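Chain and residue survey
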Amino acid sequence: MERTGRLFEVIQILRAASAPIRAEDLAEKLEVSKRTIYRDIAALQGMRTPIEGEAGIGYMLRKGYDLPPLNFDEEELEALYVGLSLLMRTGDGALQEAAIRVCRKVMECRSPGDRLQVAPWGGAPQDDPEQGCVSKGLLRQAVRESRKLHLTYLGPDSGETRRILRPLALIYNVETTLLAAWCELRGGFRHFRTDRMLCADLLDDSFASEADILRKLWIDQGGGVLGDEEGVASA
């Protein structure tokens, strides 16, 4: 989690707490060290966030403090609710956890209640790294940071291959998710099903200077509107 997002989460956790929360408990929730929490608390206090307490005792957010309200009309709230609920079908564990956090924050304004429901069945396979699945969060990071990816992939015709990719986008379909990338092995754009990925390692090599150009070329060739698995068979 990036620092800005973590600071926001610290505020939200303290805001919901009814008793002081220790630094070690915050560190466990946010999966960081206690030293990082101490630095974050100091940074928030330096920004005049009314956090009271100290190391070894615990921290509380002074009552009456809140973040600026989010102003959504009824249809905007309904769109958020349905859209966030549909993320449960992507199989992207990190996005699903983020959607739950956003729902909790946004729906405090006005919840649509039971009038809007999203069917829980259907969707892409869940990306459980403990079962050997490649994390979609890792793929999104590679796209976001324009970093090359070393992929071991099981194609329908070519068998198991290893290749270096320049990830450009994730395409969420109803039953599967595709990674669009420039494949250095094939010298062209390819789409890879995440459920056929055997292993993926994020490399330090950056292609940031080329990312926008490659993405534009991919979109110009129709990649930006692909809803099927075009390119997968020839990957």
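Residues numbered from 1 in each chain as written. Predicted model: local features only at pLDDT ≥ 70, side-chain atom pairs only at ≥ 80, totals over all residues. Heavy atoms only, no water.

- Per an unreviewed UniProt entry, the recorded name for the protein is Putative helix-turn-helix protein, and the organism is Phaeobacter inhibens.

Structural notes on the overall build of the protein
- Helices and strands together make up the secondary structure of the protein, namely seven helices and seven strands.
- The linear arrangement of helices and strands in the protein, starting from the amino end, is α-α-α-β-β-α-α-α-β-β-β-β-β-α.
- In the protein, of all internal contacts separated by at least 6 residues, the share reaching a separation of at least 24 is 61%.
- Element-wise, carbon and sulfur atoms account for 51% of the exposed surface of the protein, whose accessible area totals about 13,500 Å². (Helix = DSSP H or I, 4+ residues; strand = E, 2+ residues; numbered from the N terminus. Contact = heavy atoms within 4.5 Å. Areas by Shrake-Rupley, 256 points an atom, 1.4 Å probe, with all protein chains shown as cover.)

Description of the packing of aromatic side chains
- This structure, assessed with the given rule, holds two aromatic pairs.
- Aromatic side chains Tyr 153 and Phe 192 sit 5.0 Å apart centroid to centroid with 85 degrees between the ring planes, which places their arrangement in the edge-to-face category. One end of the pair, Tyr 153, is in strand 3 (residues 147–155); the other, Phe 192, is in strand 6 (residues 188–193), and 39 residues separate them in sequence. Take Tyr 153 and Phe 192: they sit in the same class, and that class is buried.
- Between Trp 182 and Phe 189, the aromatic rings sit 5.1 Å apart at their centres with planes inclined by 85 degrees, giving edge-to-face as the arrangement.
- Taking the relative accessible area as the measure of exposure, Trp 182 reaches 23% and is therefore partly exposed.
- When its relative accessible area of 13% is taken as the criterion, Phe 189 is described as buried. (Phe/Tyr/Trp six-rings, centres within 6.5 Å; stacked < 30°, edge-to-face > 60°. Buried < 20%, exposed > 50% of the residue type's maximum accessible area, 1.4 Å probe, protein only.)

So, the nonpolar core
- Counting residues in each nonpolar core, the largest one holds 16 residues, and the members touching the most others are Leu 14, Ile 37, Ile 41 and Ile 51.
- Of all the secondary structure elements, the ones that give two or more residues to this core are helix 1 (3–16), helix 2 (23–30), helix 3 (34–46) and strand 2 (58–61).
- With five residues, helix 1 is the largest single contributor of residues to this core.
- Sequence-distant contacts of Ile 41, defined by excluding residues within four places in its chain, comprise Val 10, Leu 14, Ile 51 and Tyr 59.
- Residues Val 134, Leu 149, Met 197 and Ala 200 belong to the second largest nonpolar core, which totals 15 residues. (Core = buried A, V, L, I, M, F, W, Y, C linked by side-chain atoms within 4.5 Å.)

Observations concerning the sheet that holds strand 3
- One open sheet holds the five strands; their spatial order is 6-5-4-3-7, and the pairing between them is antiparallel. On the outer flanks of this sheet lie strand 6 and strand 7 (197–206), each paired with one strand and no other. Pairwise comparison of adjacent strand axes, ignoring direction, gives a mean angle of 45 degrees for this sheet.
- Here strand 3 runs beside strand 7; their pairing, made up of six bridges, is antiparallel. Its bridge partner lying in strand 7, Tyr 153 is registered against Met 197. (Pairing = 2+ DSSP bridges. Axes fitted to C-alpha atoms, helices over the stretch in contact; angles between N-to-C directions.)

Looking at the pattern of salt bridges
- Scanning all chains against the criterion turns up 15 salt bridges.
- Put simply, Glu 9 and Arg 101 hold a salt bridge, and the shortest N to O gap is 3.6 Å. One end of the pair, Glu 9, is in helix 1; the other, Arg 101, is in helix 5 (residues 93–106), with 92 residues separating them in the sequence.
- A relative accessible area of 26% means that Arg 101 is categorised as partly exposed.
- Salt bridges sharing partners connect three or more residues here, namely Lys 148, Arg 166, Glu 184 and Glu 210. (Salt bridge = Lys/Arg side-chain N within 4 Å of Asp/Glu carboxyl O.)

What about the side chain of Thr 152?
- Tracing the chain through its elements places Thr 152 in strand 3.
- Judged by its relative accessible area of 9%, Thr 152 is buried.
- Among all residues touching Thr 152, those that are not within four sequence positions of it are Glu 160, Thr 161, Arg 162, Arg 196, Met 197, Leu 198 and Cys 199.

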